[in-house]
Amino acid sequence: MKKYLPLILCGVIVLSVFLVALFWASDNIGTPADKLEADIRQSQKIADDWTVTGEVSDAMAAYISCPEDKSDFTFSVYVKHTGLSFGYFFRAGGSIGEIDDGILACKAEGCNEQAFISMNAPKIARLEIDNGLEIKTREIDSEKPFAVVLPINAGELRFYDVEGNIVEFTQRKV
C-alpha cells in the first residue's frame, strides 16, 4: 500500500489540474469581481484615459465607460451563473440610445437582479426605493454617468432629476 500512495497522490494532482484546465477552457470559471474592470478594458478595447464606473452585487455587475468629455460610451453587464462557477460572465455591452438619452434597466434571464445604466443626460440626482415599509434614498452625482445594480424585488423605484422631477426608465432584457 505504501508504494502506491505516491502514485495515487500524483494521479489525484494530475486529475485536479486537468479538471481546472477543463473548466477554464469551457469558460465555466468566470471573471472574478476584482478583475472585471481589466476584463472590460481588454475585451471592449476601452482606452486607459476613459473612466470605468459601476457596481457589483452577488449576482450581477454593471459598468459604464466613457471619456472625460462624455462624447462616447460603452456599457457592460455581467452575470454570475448559479452552480459551479466562480466569477462573472459577460452578458451584454456596447452603446444603446436609451443609455445616452435616459436610463436603461437591464434584466438578465435567470438573474434576480437588474442593472440601471445611464450617461445621466437627464441629470439624475436621486434614486428612491420604496419597498412598502420604508423609502430608501441613494444620492447620485447628477454630473456623472452611473450604473446601479438592485434586486428585482427591491420595490418601486423612482429616479429624480436635479429639479425633483421623476425620470422614467426603459426596460430591456439582455
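About the cut-offs
Residues numbered from 1 in each chain as written. Predicted model: local features only at pLDDT ≥ 70, side-chain atom pairs only at ≥ 80, totals over all residues. Heavy atoms only, no water. Salt bridge = Lys/Arg side-chain N within 4 Å of Asp/Glu carboxyl O. Helix = DSSP H or I, 4+ residues; strand = E, 2+ residues; numbered from the N terminus. Buried < 20%, exposed > 50% of the residue type's maximum accessible area, 1.4 Å probe, protein only. Pairing = 2+ DSSP bridges. Axes fitted to C-alpha atoms, helices over the stretch in contact; angles between N-to-C directions. Contact = heavy atoms within 4.5 Å. Core = buried A, V, L, I, M, F, W, Y, C linked by side-chain atoms within 4.5 Å. Phe/Tyr/Trp six-rings, centres within 6.5 Å; stacked < 30°, edge-to-face > 60°.

*Asks:* Describe the pattern of salt bridges, and please don't skip the residues or the numbers.
*Replies:* This structure, assessed with the given rule, holds nine salt bridges. Across the salt bridge formed by Glu128 and Arg158, the nearest N and O atoms sit 3.5 Å from each other. One end of the pair, Glu128, is in strand β7 (residues 124–130); the other, Arg158, is in strand β10 (residues 156–161), and 30 residues separate them in sequence. What makes Glu128 buried here is its relative accessible area of 13%.

*Asks:* Outline the sheet that holds strand β1 (residues 51–56), listing residues and values.
*Replies:* In a beta sheet, neighbouring strands are held together by backbone hydrogen bonds and run either parallel or antiparallel to one another. If you trace the four strands from one edge of the open sheet to the other, you get β1-β2-β3-β4, paired in antiparallel fashion. Here the strands that pair on one side only, and so sit at the sheet edges, are β1 and β4 (88–94). Put simply, the sheet's adjacent strands are angled 20 degrees from each other on average, direction ignored. Note: β1 against strand β2 (residues 60–66), six bridges, orientation antiparallel. Bridge assignment links Val52 to a residue of β2, and that residue is Ser65. Contacting β1, β2, β3 (74–80) and β4, helix α2 (residues 36–43) runs over the sheet at an angle of about 130 degrees to β3.

*Asks:* Mind laying out the nonpolar core, listing which residues take part and the relevant values?
*Replies:* Grouped together as the largest cluster of nonpolar side chains are 21 residues, with contacts concentrated most on Met60, Phe75, Ile99, Ala115 and Ile117. Going through the elements one at a time, β2, β3, β5 (104–107), β6 (113–118) and β9 (146–151) are the ones with two or more residues in this core. Looking at which element gives the most residues to this core, the answer is β2, with four residues. Contact partners of Ala115, with chain neighbours within four places excluded, come to Met60, Ala62, Leu104, Ala105, Cys106, Val148 and Val149.

*Asks:* Which residues make up the packing of aromatic side chains, and what values do they have?
*Replies:* One pass over the full model with this rule turns up five aromatic pairs. Each ring, one from Phe116 and one from Phe159, has its centre 5.5 Å from the other, and the planes form 50 degrees; the classification is tilted. Remark: Phe159 occurs in strand β10 and Phe116 occurs in strand β6; sequence separation between them is 43 residues. Centre to centre, the rings of Phe159 and Phe169 are 5.9 Å apart; their planes meet at 80 degrees, and the pair counts as edge-to-face.

*Asks:* Which residues make up the environment of Ser118, and what values do they have?
*Replies:* Mapped onto the fold, Ser118 is located in strand β6. In this structure the C-alpha to C-alpha distance between Ser118 and Ala105, which are 13 residues apart in sequence, comes to 9.1 Å. Setting aside anything within four residues of it in sequence, one finds Ser118 in contact with Ile64, Ile99, Gly102, Ile103, Pro145 and Phe146.

From the geometry alone we can't say anything about function, so treat these as descriptive.
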